[in-house]
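For reference, the chains in residue letters:
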Amino acid sequence: MPRLPSLRTAGMAALVCGGTVALLAAEPAQQPTPASTFTPAQVAFFEKEVRPILTQHCLKCHGQEPEKLRGGLDMTRRSGLLAGGDTGPAVDLKKPDASLLLSAIHYRDGLEMPPSGKLPAATIATLTKWVRDGLPWTPGADTGKRVERPPVGPDKNYWAYQPVQRPALPAVRDVAWVKTPVDAFLRAKQEAAGIRPVAPATKAVLCRRAYYDLTGLPPTPEQIDAFVADPAPDAYARLIDTLLASPQYGEKWGRHWLDLVHYAETNGFERDGPKPHAWRYRDYVIRSFNDDKPYDRFIREQLAGDELNRDDPDCVTATGYYRLGLWDDEPADPKLALFDGYDDYVTVTGQAMLGMTLNCCRCHDHKGDFFPHADYYRFVAFFRDIRPYSETRSVISKYSQRDITSQENRKLYEKELAERHKKIESLEAQMIPLEDYAIQKMVPEDQLAVQDGKREAIVRKVPAFRDPLLKPRYLELRRQRDDLKRRPNPYQEFTLAVNHCDPRPPATHLLIRGNPHAPAQEVQPGFPGVLGFPDPQIPESGPDAVTSGRRTALANWIASPKNPLTARVLVNRLWHYHFGVGLVPSPNDFGKLGLKPTHPELLDWLASEFVQPTWQADGAKPWSIKRMHRLLMLSNAYQLSSAADARNLGADPANALRWRFDLRRLTAEEVRDSILAIAGNLNLRQFGPSVYPKLPLEVLAGQSRPGEGWPTSPPQEANRRSIYVHIKRSLQVPILATHDQADSESSCPIRYTTTVPTQALGMLNGEFLTTQAAAFAERLLREAPHDLAAQVARAIRLTTGRKPTDAELAQDLGFIQQMMTQHKLDARTALTRYALLILNTNEFVYLD
């Protein structure tokens, strides 16, 4: 009987709880022994000793209705065991001791049944005897027919897996309230529920909201005043266009994408070494958003940029997407670490781009969606041409670094390289006589070794000679030479990327329970069967190919207008980031374990509009994210105030029907950037290597090697926007960490807002806040000299965007006076304390 080489795994995936596999061609079935040939004693042994064991430990997973059988293995019938699961027979009558059933109950060969714990020795002995006796069974209890699993195909019932169909706009009674098609869908449900939206936000509130949502920075009082004073009907639309054209837009929205792909610049684990040139991927993302790169192109470049155009620096840099995950430079199980890397590709691609949790079927069938175990490995097969991050412990690897030097810079690079070689040759020419002199003083064995071609090894001993004239001179020459060799060429540019891919990838096998040491059948690249797409036709790689072409097939499928998930997932994310919660409240999971859409028709209309624009469509391009911002922000729903309404709260306390705008706290980056902006210290320089703000010694002390990997930047550089702050997985900037910075170890679809004591402690006592509060006070003194009331009014305007009331002014002036009279502070110090106080107000860190 044919078997897989070296591993007895055929059919055993079904015996391991959750280890379900693809419906591939089974091995030829064994000829069953007729039940009538068993003796009465054997049948009695089966009924009394074996059947209770099967009932107690096996039939829960292998005796239910067909669609619930694990791995297609039916253990209610003898013929089911002989036919086995999807990977072959569970019992081998010719070689019973080699049966996979016995391997599983003995916990051998990576197989474990039941997974809840090894059976008692007496129970194992009973089952072993049963198998060795030829699998005795009660006559008449075996029909001889194998229970078949239904084939995996399109799910014609679940909403997310159906093609996107543009619904008609619903009719509403309150036609005047509808500013964009978005409002029609929302108002229809509100009217059905008897809910009336609250009043619009004031122009000042709306201005602040738009600035933060599109740029992540506060507007200046002057910018707010200009918008409020503009009576033109299109003033708000023009404000949105201005903000979308701002360079800061890409920094704000690029950060959202970096959350999804778990961007970080270090590898994690114990050493948490750097990912050289990872910042170029961050800059690529920012530029892509600023350029309004079509989303389908954005996807294709990240998944297969090196296959689309390997000479385009943008396309190459985009593939840094694959290098952002954790990487263990010293794994205990290298093969498992390799497949952990593939799991990261499947997880992030599935969740971020498709809203699918395919990673949940790495070890077994998906527990909620009908994704069989094999779908996971079919998806893995798309990525098998990607080499590991590095095959050594070095963070600099030919597999993850790519030279993207431009033609112009390459000429300068080659010129600098030639000049450097000349200098090195000159230095070495001066070193050789000194080496020869030292060699003459060495022992005969060393001198003979030089003659035998081992000069390089012998000259390493030269500094050991204590010749007062030779040693200092030689060491200086060698230092200069080594510095030249180590110095990076200023004109050569590298990027984090995939490189040296395998044009003929190794076979991909389904892995039993996700164990790379227990491979089952080979699988080919394919899409989740539940979506109903045919398998891709990927031509064989030619002799000169440098990649397999598999990732292009995947990218084209994900970026296709026919894909039912891609557009839905993206427009839902835009809604989530603008309104605080998505139309599907679980943005990374559109599956059956996720949350249902509150407005499915609106979601489909937006997805359709994203791919095929019809609203104000003159010159509109498909897949434009900026256009979708405009559509959402021009809606009446977006422009509502955040005021509460008692009746509406009773009918819809979660605001699922969008009758008001949800209050939100600023993100971690917005908090830090706003403090810098208000203090007058924000450096808006864009792009380039990341910066390292000063960290407290107490924070650095938490490292295994305090301060390693965190060279503090000069103050002006350190005051750049937070998106340019180096992201080290094992070390976070306190103000970002306490305000819920994204977790860089997994895709982060939602920034949950926590309220913890460390936020207040850090905002009141942290070095960053006290430094910026002092700078804020100096700004107030400059902009309103010799006028304390004007300084206080300016502080309130800068932090909240609104004009203070007379009562507020009086109260805040009273606080400053109290600092000076009761606490004996001078005027400057008292103003600094006030600046610190106002940076700690809720109104500053919350957006209404």
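Refer to the structure printed above.
Presented here is an overview of the structure given in this document. Just so you know, these numbers come straight off a predicted model, no measurement behind them.

### Quick look at the packing of helix α12 (residues 295–308) against helix α14 (residues 334–354)
- Where α12 meets α14, the axes come as close as 13 Å, and the angle between the chain directions of the two elements is 175 degrees. Classed by the angle they form, the pair α12 and α14 counts as roughly antiparallel. Here α12 contributes Tyr295, Ile299 and Leu303 to the contact with α14, which in turn contributes Thr349, Ala352 and Met353.

### Considering the pattern of salt bridges
- Here the structure, examined in full by the defined rule, presents 62 salt bridges.
- Among the salt bridges present, the one from Lys621 reaches Asp292, with a minimum N-O distance of 3.9 Å. Remark: Asp292 occurs in the loop between α11 (279–290) and α12 and Lys621 occurs in the loop between α22 (600–611) and α23 (625–633); sequence separation between them is 329 residues.
- Residue classification places Lys621 among the partly exposed positions, given a relative accessible area of 35%.
- Residue Asp292 is classed as buried on the basis of its relative accessible area, which comes to 10%.
- Between Arg568 and Asp604 there is a salt bridge, and its shortest N-O distance comes to 2.7 Å. Within this pair, whereas Arg568 is found in helix α21 (residues 566–579), its partner Asp604 is found in helix α22, the two being separated by 36 residues in sequence.

### Quick notes on the packing of helix α31 (residues 788–800) against helix α32 (residues 806–821)
- Taken N-terminus to C-terminus, the directions of α31 and α32 make an angle of 115 degrees; their axes are 10 Å apart at the nearest point. Classified by the angle their axes make, α31 and α32 are roughly perpendicular. For the element pair α31 and α32, the recorded crossing hand is right-handed. Of α32, the residues touching α31 (which contributes Leu788, Ala789, Val792, Ala793 and Ile796) are Glu808, Leu809, Asp812, Leu813, Ile816 and Gln817.

### Let's talk about the nonpolar core
- Trp130, Trp257, Tyr281 and Leu606 are the most contacted members of the largest nonpolar core, which totals 150 residues.
- Apart from the residues lying within four places of it in its own chain, the contact partners of Tyr281 are Trp257, Leu258, Val261, Tyr263, Gln302, Thr317, Ala318, Gly320, Tyr321 and Leu324.
- Core analysis: the next-biggest nonpolar cluster, separate from the first, contains 43 residues, Leu769, Ala775, Ala793 and Ala795 among them.

### Brief notes about helix α6 (residues 181–193)
- Look at α6: 19 Å from first C-alpha to last across 13 residues, which is about the 18 Å you get at 1.5 Å a residue.
- Listed in full, the buried residues belonging to α6 are Pro181, Val182, Asp183, Ala184, Phe185, Leu186, Arg187, Gln190 and Glu191.
- Turning to α6, the residues buried within the fold contact α21, α22 and α23.
- Where α6 terminates, the next one or two residues include Gly194, which has phi positive at roughly 70 degrees.

### A look at empty space enclosed by the protein
- One pass over the structure, following the stated rule, counts 5 cavities of 30 Å³ or more.
- There is about 90 Å³ of room inside the largest cavity.
- The set of elements that each furnish at least two residues to the lining of the largest cavity consists of α10 (247–260) and α21.

### Comments concerning the packing of aromatic side chains
- Applying the stated criterion across every chain yields a total of 39 aromatic pairs.
- Considering the side-chain rings of Tyr322 and Tyr345, the 5.1 Å spacing of their centres and the 80 degrees angle between planes classify their relative orientation as edge-to-face. Of the two residues, Tyr322 sits in the loop between α13 (313–318) and α14 while Tyr345 sits in helix α14, which places them 23 residues apart along the sequence.
- Overall, Tyr322 belongs to the buried group, its relative accessible area being 3%.
- Residues Tyr345 and Phe383 carry aromatic rings whose centres are separated by 5.6 Å and whose planes lie at 65 degrees to one another, so their mutual orientation is edge-to-face. Here Phe383 lies in the loop between α15 (373–380) and β1 (401–403) and Tyr345 lies in helix α14, a separation of 38 residues in the sequence.
- Under the relative-accessibility criterion, Tyr345 is labelled buried at 8%.
- Connected via pairs of aromatic rings, a cluster forms that spans Tyr321, Tyr322, Phe339, Tyr342, Tyr345, Phe379, Phe382, Phe383, Phe527, Phe533 and Trp557.

Conventions adopted
- Residues numbered from 1 in each chain as written.
- Predicted model: local features only at pLDDT ≥ 70, side-chain atom pairs only at ≥ 80, totals over all residues.
- Heavy atoms only, no water.
- Axes fitted to C-alpha atoms, helices over the stretch in contact; angles between N-to-C directions.
- Helix = DSSP H or I, 4+ residues; strand = E, 2+ residues; numbered from the N terminus.
- Parallel < 35°, antiparallel > 145°, perpendicular 65-115°, else oblique.
- Contact = heavy atoms within 4.5 Å.
- Salt bridge = Lys/Arg side-chain N within 4 Å of Asp/Glu carboxyl O.
- Buried < 20%, exposed > 50% of the residue type's maximum accessible area, 1.4 Å probe, protein only.
- Left-handed = near helix turned anticlockwise from the far one by under 90°.
- Core = buried A, V, L, I, M, F, W, Y, C linked by side-chain atoms within 4.5 Å.
- Expected span 1.5 Å × (residues − 1).
- 1 Å grid on protein atoms, 1.4 Å probe; cavity = no way out; pocket = protein on both sides within 12 Å on 5 of 7 lines; lining within 4 Å.
- Points joined across faces, edges and corners; volume = space filled by probe spheres on them.
- Phe/Tyr/Trp six-rings, centres within 6.5 Å; stacked < 30°, edge-to-face > 60°.

The quantities given are spatial measurements derived from coordinates; they are silent on function.
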